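Below are the chains, spelled out letter by letter.
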Amino acid sequence: GESVGLHLPTLSVQEGDNSIINCAYSNSASDYFIWYKQESGKGPQFIIDIRSNMDKRQGQRVTVLLNKTVKHLSLQIAATQPGDSAVYFCAENIGTGNQFYFGTGTSLTVIP
Amino acid sequence: GAGVSQSPSNKVTEKGKDVELRCDPISGHTALYWYRQSLGQGLEFLIYFQGNSAPDKSGLPSDRFSAERTGGSVSTLTIQRTQQEDSAVYLCASSLVSSVEQFFGPGTRLTVL
């Protein structure tokens, strides 16, 4: 079956530092990945996506890196702010329609 | 503009009762998804609707779970004879057919006593 997992269930960083959240996937056929942010009491919110034909994509303060060789992707948040505190999920799509498989999430806490 | 809305926001029910959860997707979004999120867990795919196509029900955990989408808009997730293990947050998301970006609602927190 599919497997999307995260290396670290919790992460604490000082405000202003950079954060790196990791995600491993097992299906080499996965061709599309999305990072979501979920704040307490809310539904997940799209952050950034990347296709399997890319190895890096940058957004505003966020960068996603994809290493297909080891089936690993990461989300980097620059100058982490208190508002970044949330649970972050990676999700993979293996191309069969729009069904995505979500990991268990990493809880990021930003220390002021 | 209006996002995805879900109702009720919270539902407490007794074991064995049936419940209905409602999702109003973003207008114009033809794709609609239901997920279940247990405490401290990731999202578990339940069912996917796309336009008039037959829904993808591959994620429904048992025959006690069913969902409908009337008129290509509002969707209802029904859980019959609820069990305590059904307690979770049920999330609905919608998207344009041309996009994989899903917009999520706030969820319905279901508690089965």
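Now for a look at the structure at hand. A quick note: this is a predicted structure, and the numbers were derived from the prediction, not measured. (Residues numbered from 1 in each chain as written. Chains lettered and ligands numbered in written order. Predicted model: local features only at pLDDT ≥ 70, side-chain atom pairs only at ≥ 80, totals over all residues. Heavy atoms only, no water.)

**Re the state of the cysteines**
Moving on, step 1. One pass over the full model with this rule turns up two disulfides over all chains.
Moving on, step 2. Through a disulfide, cysteine 23 of chain A is tied to cysteine 90 of chain A; the S-S separation comes to 1.7 Å. Classification of the bridge connecting cysteine 23 of chain A and cysteine 90 of chain A rests on its S-S torsion, roughly 40°, and on that basis the disulfide is right-handed. Here the residue cysteine 23 of chain A occupies a position in strand S3 (residues 19–25), and cysteine 90 of chain A occupies one in strand S9 (residues 86–93), the gap between them amounting to 67 residues. Exposure class is identical for cysteine 23 of chain A and cysteine 90 of chain A. Each is buried.
Moving on, step 3. With its sulfur 1.8 Å from that of its partner, cysteine 23 of chain B forms a disulfide with cysteine 92 of chain B. Measuring the twist about the S-S bond at about -65°, one finds the cysteine 23 of chain B-cysteine 92 of chain B disulfide to be left-handed. (Disulfide = S-S within 2.5 Å. Helix = DSSP H or I, 4+ residues; strand = E, 2+ residues; numbered from the N terminus. Buried < 20%, exposed > 50% of the residue type's maximum accessible area, 1.4 Å probe, protein only.)

**Here we look at the interface of chain B and chain A**
A common way to report how large an interface is uses the accessible area buried once the components associate.
Moving on, step 1. Residue-level contacts link 21 residues of chain B with 16 residues of chain A.
Moving on, step 2. In total, about 1400 Å² of surface goes out of reach between chain B and chain A, with carbon and sulfur atoms giving 55% of it.
Moving on, step 3. Sorting the residues of chain B by area buried against chain A places Leu43, Val100 and Phe104 of chain B first, and these three jointly supply 35% of that buried surface.
Moving on, step 4. Taken together, chain B and chain A are joined by zero salt bridges.
Moving on, step 5. Here chain B is connected to chain A by two residue pairs in polar contact (both at pLDDT 80 or more).
Moving on, step 6. Elements that contribute at least two residues to the side of chain B that touches chain A include exactly strand S4 (31–37), strand S5 (43–50) and strand S8 (88–95) of chain B.
Moving on, step 7. Here the residues of the side of chain B that touches chain A sort into 10 nonpolar, nine polar and two charged. (Contact = heavy atoms within 4.5 Å. Buried area = accessible area lost by both parts, 1.4 Å probe. Salt bridge = Lys/Arg side-chain N within 4 Å of Asp/Glu carboxyl O. Polar contact = N/O pair within 3.5 Å; in protein donor to acceptor, adjacent residues only side chain to side chain. Nonpolar A, V, L, I, M, F, W, Y, C, P; charged D, E, K, R; others polar.)

**Observations regarding the side chain of threonine 108 of chain B**
Residue and element names in this part refer to chain B.
Moving on, step 1. Relative to the helices and strands, threonine 108 is located in strand S10 (residues 108–112).
Moving on, step 2. Residue threonine 108 is classed as buried on the basis of its relative accessible area, which comes to 0%.
Moving on, step 3. Polar contacts involving the side chain of threonine 108 include one to the main-chain carbonyl oxygen of proline 8, which spans 2.5 Å.
Moving on, step 4. Among residues more than four places away in sequence, those in contact with threonine 108 are Gln6, Ser7, Pro8, Ser9, Lys11, Leu21, Ala88, Val89 and Tyr90.

**Let's talk about the environment of asparagine 27 of chain A**
Moving on, step 1. On the secondary structure map, asparagine 27 of chain A appears in the loop between S3 and strand S4 (32–38).
Moving on, step 2. Of the polar contacts made by the side chain of asparagine 27 of chain A, one reaches the backbone nitrogen of alanine 29 of chain A; its length is 2.7 Å.

**As for the sheet that holds strand S7 (residues 75–79) of chain B**
Residue and element names in this part refer to chain B.
Moving on, step 1. Here four strands make up an open sheet; going across it, the order is S1-S3-S7-S6 and the pairing antiparallel. In the strand order of this sheet, the two ends are held by strand S1 (5–7) and strand S6 (65–69), each with one partner. Across this sheet, the average inter-strand angle for adjacent strands is 15°, counted without regard to direction.
Moving on, step 2. Where S1 lies against strand S3 (residues 19–24), three bridges are found, and the strand directions are antiparallel. When the sheet's bridge partners are listed, serine 7 is paired in S3 with arginine 22. (Pairing = 2+ DSSP bridges. Axes fitted to C-alpha atoms, helices over the stretch in contact; angles between N-to-C directions.)

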